[in-house]
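Descriptive analysis of the structure
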There are 2 protein chains.
Amino acid sequence: MSIPEYWPAPASSGAARAQRPSRRSGQRRAEILRAATAVFGERGYANGSLNEIAERVGMTHAGVLHHFGSKEQLLIAVLEYRDDADVAELEGHHAPRGAALLDHLVETAQNNAERRGIVQGYTALLGESVTEEHPARQFFTDRYTGLRDMVTSAIADATGRSADDPLVSSAASVVIATMDGLQTQWLLDPSSVDMREAVRLTVEALVARLRQA
Amino acid sequence: MSIPEYWPAPASSGAARAQRPSRRSGQRRAEILRAATAVFGERGYANGSLNEIAERVGMTHAGVLHHFGSKEQLLIAVLEYRDDADVAELEGHHAPRGAALLDHLVETAQNNAERRGIVQGYTALLGESVTEEHPARQFFTDRYTGLRDMVTSAIADATGRSADDPLVSSAASVVIATMDGLQTQWLLDPSSVDMREAVRLTVEALVARLRQA
DNA sequence: CCTACCGATCGGTAGG
DNA sequence: CCTACCGATCGGTAGG
């Protein structure tokens, strides 16, 4: 499973340069991950090739495979890389856990309208992931389980209902579904939809509905 | 653009058998369309091969290409075929145009829970369609424009608001987005979501919200 | 990291 | 509709 490292050490690897191969290798991996994120986002996973990824970082596809072992492992790394970035951003600004999470989601919808590449990558891979034996399937399944839990407790918090209330978990699924579905519509036709307003309306309507009765 | 027909006429093509080649060809095309729908649904378009489609109807991939010209044209035919089926079903049961459409969508969500293959095919192709230069892109763009119009007028009807009200068109986008997004969550984990209840809640909450103020 | 290669598979065409 | 073929491309491996 591990990736052997048998290429020659850099000629200038004495004490003069503090950069060990592992440091450079880490940078190179990050470059590949960025390129792979872009290519899978533009073309999808099935249609994105290692060759195109490799060209964008100035190496051959064999070089990419050296770093990541297989196309599938590269995809997994891309997904985790994206996840890390999301988490970092969440924690950087604030890590809202209660009702404030709902406002944060409205903000996210707005911000996403200026990150087309990222939205497209997410939507394309998510869509592909429901196909048979797709390597991203487990990743997204787990991710949505976690997302639903977070949003469920946020809605419980905002409405004073129990997180076990079926209406609450339904509402959580709906909020997430709305964000995903709006992204698809927006990607197909950006002028057709105001993602921020639509998410805001959804959250408002659901919370109001769950507050009564 | 047209597909030439130069294969030999059936040996038994006299007056005894009323089946002209065009009739048989039409049946064969329908078989291919069904197989292609299944394969693209299971594997996606990029990952689904003409060879697998051909095998399922007992011919070679060249035979499939004879009938449809190219893989891309086959995809377009599949999408139109699916669309025709949807329309036929809509008109068969009832063609609800006003507020009744909203109830019909709740029913559709319920019915979809027993048509996993169809839902998966739709979700996978829709997700792929947002990638660069994807052949299904125009199809889905047009489809969503039409869907939004229908649902917008249904919501206007149900709430007494104008179809030009931005809240109404936002709500329409949300209803459609919800259905799509829920399907994805359900495909990833069928036990995680009650599609019917979630759509019902969404419609109810949005209509209630738009009825006030 | 590259070169050089592999087998497999792809969509499409020619030609009947 | 098939056989037979094409060039292109794919992911992956060997070996340094």
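Rules behind the numbers
Residues numbered from 1 in each chain as written. Chains lettered and ligands numbered in written order. Predicted model: local features only at pLDDT ≥ 70, side-chain atom pairs only at ≥ 80, totals over all residues. Heavy atoms only, no water. pLDDT = per-residue confidence, 0-100. Contact = heavy atoms within 4.5 Å. Buried area = accessible area lost by both parts, 1.4 Å probe. Salt bridge = Lys/Arg side-chain N within 4 Å of Asp/Glu carboxyl O. Polar contact = N/O pair within 3.5 Å; in protein donor to acceptor, adjacent residues only side chain to side chain. Helix = DSSP H or I, 4+ residues; strand = E, 2+ residues; numbered from the N terminus.

Chain A has the name TetR/AcrR family transcriptional regulator in an unreviewed UniProt entry, where Schumannella soli is given as its organism.

What follows is about the confidence of the model for chain A. Caution applies to low-pLDDT regions: their predicted coordinates should not be interpreted in detail. Counting all residues, the mean pLDDT for chain A is 88, and 87% of those residues have values of 70 or more. Here residues 1-21 of chain A scores under 50 on pLDDT; set against residues more than four positions off or in separate chains, the count is 12 contacts.

Turning next to the interface of chain B and chain A. With 49 residues of chain B at the interface, the matching set in chain A holds 49 residues. Buried surface at the junction of chain B and chain A, summed over both partners, amounts to about 3900 Å²; 64% is from carbon and sulfur atoms. Connecting chain B to chain A are two salt bridges. A salt bridge links arginine 209 of chain A to glutamate 204 of chain B, with the shortest nitrogen-to-oxygen separation between them at 2.3 Å. Run the count over chain B and chain A and you get 17 residue pairs in polar contact (both at pLDDT 80 or more). Of all the secondary structure elements, the ones that give two or more residues to the side of chain B that touches chain A are α1 (21-43), α6 (116-129), α7 (137-159), α8 (166-188) and α9 (195-211) of chain B. In terms of residue count, the dominant contributor to the side of chain B that touches chain A is α8 of chain B (14 residues).

Further remarks concern the environment of glycine 121 of chain B. Inspection of the secondary structure assignment puts glycine 121 of chain B in helix α6. As a C-alpha pair, glycine 121 of chain B and glutamate 42 of chain B span 79 residues in sequence and 6.6 Å in three-dimensional space.

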